[in-house]
Amino acid sequence: MCITEKERKTPVAGEYDVIVCGGGPAGCGAAAAAAQRGAKTLLLERNGCLGGIPTSGMVVDFIDYENKNGLVRQMVEKTYEYSEKYHAVRQEAMKLVLENMLSEANADVRLGTSVCGVIKNGDTVTGIITESKSGREAFYAKTVIDATGDGDAAALAGCGFSVGRDENNECQPLSLLCIVSAAEREKIEEYICGGRDGHFTPKEKMLELIRRGGVEPSYSQPSLFHLRDNIYYLMANHQYGVCAYNENQLSAAALSARKEIFEICRAISSDGGIWSNFNL
């Protein structure tokens, strides 16, 4: 069953040369580059911070960033610099780095703002409709860049898309990462991703540790990464068979994952010794 919404007027909140939808690394880079070249630019981000996967998703490691040029390398190098300067974990440092980068470029940033529609003139997208605490608003632009990650703006514009890798729309399983505190790195080095002890990989040792605590994790390669001092992030769960565009399934997966993470952390700390202070 469907309902028909009555026609309503949507206020135009601004006009820009460039609107970038999505404030992850790609979106921030696109918005900064456009603004630096003199374009009046607006960046729209649905979360309460910039960064996307590296910040909200807590995966701040950029593979092979040393061999990349331009804004990507600047982002990463500044993040490490700020992390040391402010004694912050890298995820928090990156939020400030990206905010400063957009501010210095004179780009406008709207957080907490979701793209919910597009404005078209024929086949050309000429603006974006958003929902936020300010209500429903419209923004016009000469150029709209979709950096949402899922191609949300493009899909709303009527572009074709595919989901998954086969006829069953199978997608990569979801993971819910968490920040944890643990013993000094030197004491648990053999469990941290990035090294080997000669016989077992860190993932194998972490799996054995969790199993000793009576938990069989949904992910067979639980991974512990060092951030700074006694702070780490842990990827130890997978949610399989979740439809990427079904919010009921996505919500259920997040709730299930959080319960599992707490059980995994309890299992690790129950080993005692160097793991007695392992905490979320």
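Quick note: structure is the one above.
K.L.:
Provide a residue-level description of the pattern of salt bridges, including the pertinent values.
P.N.:
The tally for this structure, following the rule as stated, stands at 17 salt bridges. Residue Glu189 pairs with Arg185 through a salt bridge whose shortest N-O separation is 3.0 Å. Under the relative-accessibility criterion, Glu189 is labelled partly exposed at 37%. A salt bridge links Arg212 to Glu208; its shortest N-O distance comes to 3.5 Å. Of the two residues, Arg212 and Glu208 both sit in helix α6 (residues 202-212), four residues apart, roughly one turn of that helix. Taking relative accessible area as the criterion, Glu208 reaches 41% and is therefore assigned partly exposed.

K.L.:
Kindly report on helix α2 (residues 70-85), identifying the contributing residues and their values.
P.N.:
Helix length check: α2, at 16 residues, gives a terminal C-alpha distance of 22 Å against a target of 22 Å (1.5 Å per residue), a fit within 8%. Of all the residues in α2, the buried ones are Leu71, Met75, Val76, Thr79, Tyr82 and Ser83. For α2, the angular spread of the buried residues around the axis is 135°, confining them to a single face. When the buried face of α2 is taken as reference, the exposed residues oriented beyond 90 degrees from it are Glu84 and Lys85. For α2, the secondary structure elements touched by its buried residues are α1 (25-36), α3 (90-104) and β8 (223-228). In the stretch just after α2, His87 is the one whose phi turns positive, near 55°.

K.L.:
I'd like a rundown of the sheet that holds strand β5 (residues 124-132), residues and numbers included.
P.N.:
Taking strand neighbours across the sheet as the criterion, the six strands line up as β3-β2-β1-β6-β5-β4 in an open arrangement whose pairing is mixed. The outermost strands of the open sheet, each flanked by one partner alone, are β3 (108-110) and β4 (114-121). Between one strand axis and the next, the sheet turns through 40° on average, direction left out of account. Contacts between α1 and the sheet are confined to β1 (12-21), β2 (41-44) and β6 (135-146), with β2 contributing the most and set at about 170° to the helix.

K.L.:
An account of the environment of Ser56 is requested, with residue identities and associated values reported.
P.N.:
For Ser56, the position within the fold is in the loop between β2 and α2. Once the C-alpha coordinates of Ser56 and Glu92 are considered, the two residues, 36 residues apart in sequence, prove to be 9.5 Å apart.

Rules of the game
- Residues numbered from 1 in each chain as written.
- Predicted model: local features only at pLDDT ≥ 70, side-chain atom pairs only at ≥ 80, totals over all residues.
- Heavy atoms only, no water.
- Salt bridge = Lys/Arg side-chain N within 4 Å of Asp/Glu carboxyl O.
- Buried < 20%, exposed > 50% of the residue type's maximum accessible area, 1.4 Å probe, protein only.
- Helix = DSSP H or I, 4+ residues; strand = E, 2+ residues; numbered from the N terminus.
- Expected span 1.5 Å × (residues − 1).
- Arc of directions from axis to C-beta.
- Contact = heavy atoms within 4.5 Å.
- Pairing = 2+ DSSP bridges.
- Axes fitted to C-alpha atoms, helices over the stretch in contact; angles between N-to-C directions.

Limitation: the analysis is restricted to geometry and does not speak to function.
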